[in-house]
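Each chain, written out:
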Amino acid sequence: MAEAKPAFNFCPGCGAQNPASNKFCSRCGTSLQRKIVRREDGEKCEVCGHLNPAGSKFCIQCSSSLSRDIVVRDEGEIAVIKVNSAKIDFENHKDLLPVFNKVMKKMIVLDLENVEWMDSTGIGALVTLTYKSSRTNQEIKLINIQSKVMDAIRALQVDNVLDIHETMNEARVSWGLPLI
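Owing to the predicted nature of the structure, the values given are computational and were not obtained by experimental measurement. (Residues numbered from 1 in each chain as written. Predicted model: local features only at pLDDT ≥ 70, side-chain atom pairs only at ≥ 80, totals over all residues. Heavy atoms only, no water.)

## Thoughts on the nonpolar core
In step 1: In terms of nonpolar packing, the biggest core is built from 26 residues, with Leu-96, Leu-110, Leu-112, Met-118, Leu-126 and Ile-153 touching the most fellow members.
In step 2: Broken down by element, the residue count for this core peaks at 4 residues, all from helix α2 (residues 120-135).
In step 3: By size, the runner-up hydrophobic cluster in this structure holds 9 residues, among which are Met-107, Ala-171, Trp-175 and Leu-177. (Core = buried A, V, L, I, M, F, W, Y, C linked by side-chain atoms within 4.5 Å. Buried < 20%, exposed > 50% of the residue type's maximum accessible area, 1.4 Å probe, protein only. Helix = DSSP H or I, 4+ residues; strand = E, 2+ residues; numbered from the N terminus.)

## Observations concerning the pairing of strand β8 (residues 107-111)
In step 1: Within β8, 5 of the 5 residues are buried, which leaves the element mostly enclosed by the surrounding structure.
In step 2: Burial along β8 is two-sided: the face carrying Met-107, Val-109 and Asp-111 and the face carrying Ile-108 and Leu-110 are both buried.
In step 3: Direction of pairing for strand β6 (residues 78-83) relative to β8: parallel, over a ladder of 5 bridges. Across the sheet, the residue bridging to Val-80 is Val-109, located in β8. (Pairing = 2+ DSSP bridges.)

## Digging into the pairing of β6
In step 1: Most of β6 is tucked away: 6 of the 6 residues are buried.
In step 2: On β6, burial covers both faces: Ile-78, Val-80 and Lys-82 on one face and Ala-79, Ile-81 and Val-83 on the other are all buried.
In step 3: In the sheet, strand β5 (residues 70-75) pairs with β6 via 6 bridges, with the strands oriented antiparallel. Among the inter-strand pairings, Glu-75 is bridged to a residue of β6, identified as Ile-78.
In step 4: Hairpin connection of β5 to β6: 2 residues between the antiparallel strands, including Gly-76 at a positive phi of 70 degrees.

## Description of α2
In step 1: End to end, α2 covers 23 Å across 16 residues, agreeing with the expected 22 Å (1.5 Å per residue, within 8%).
In step 2: Regarding α2, the residues found buried are Gly-122, Ile-123, Ala-125, Leu-126, Leu-129, Thr-130 and Ser-133. Each buried residue of α2 sits inside an arc of 150 degrees when the element is viewed along its axis, so together they form one side.
In step 3: Looking at the buried residues of α2, the elements they touch are β7 (87-88), α1 (96-102), β8, β9 (117-118), β10 (139-143) and α3 (147-155).
In step 4: Capping the start of α2, Asp-119 holds a side-chain oxygen 3.0 Å from the backbone nitrogen of Thr-121, two or three residues further along. (Expected span 1.5 Å × (residues − 1). Arc of directions from axis to C-beta. Contact = heavy atoms within 4.5 Å. Polar contact = N/O pair within 3.5 Å; in protein donor to acceptor, adjacent residues only side chain to side chain.)

## Examining the sheet that holds strand β11 (residues 164-165)
Think of a sheet as strands paired side by side through backbone hydrogen bonds, with each pair either parallel or antiparallel.
In step 1: With respect to topology, 5 strands assemble into an open sheet ordered β5-β6-β8-β10-β11, the strand pairing being mixed. Looking at which strands have only one partner, the edges of the open sheet turn out to be β5 and β11.
In step 2: Packing against the sheet, α2 makes contact with β8 and β10, and its axis sits at approximately 150 degrees to β10. (Axes fitted to C-alpha atoms, helices over the stretch in contact; angles between N-to-C directions.)

Structure below.
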């Protein structure tokens, strides 16, 4: 019996699905007729080590975030999401949700130490994360909020909705965990 040919191929450059008859990728133009040799100019995943195409936001192998702006650390029973960007606003607020969706821990700390400014869209993203965490039986606590950001949170009157703590130890104690 003859082996059936696949009806489609995946682009080795961008991963797009293309009809088997295509010689070039319909999305990025990469040749589908030859094997692409990977160069070291892509994004290497810190979780699984896979080399992803340059500019990728998530690993195509394990779906971990490749962004250095948002880093997730596993600290035992707590997942710490650290935002390294100086601002959370209309431009980048959507980057938080996919990272949050990949965290499976029940206790999550969002460390905002490096965030110097946040607009109403960014604050709305924090409220959305708090709402989603209650639906997934997770608990999210915010720590290390700078005074300008805290002023904006208070101005929008959501400081009573967000679970805010000054330090990691305060957040741990609120869960009944020992100090570190």
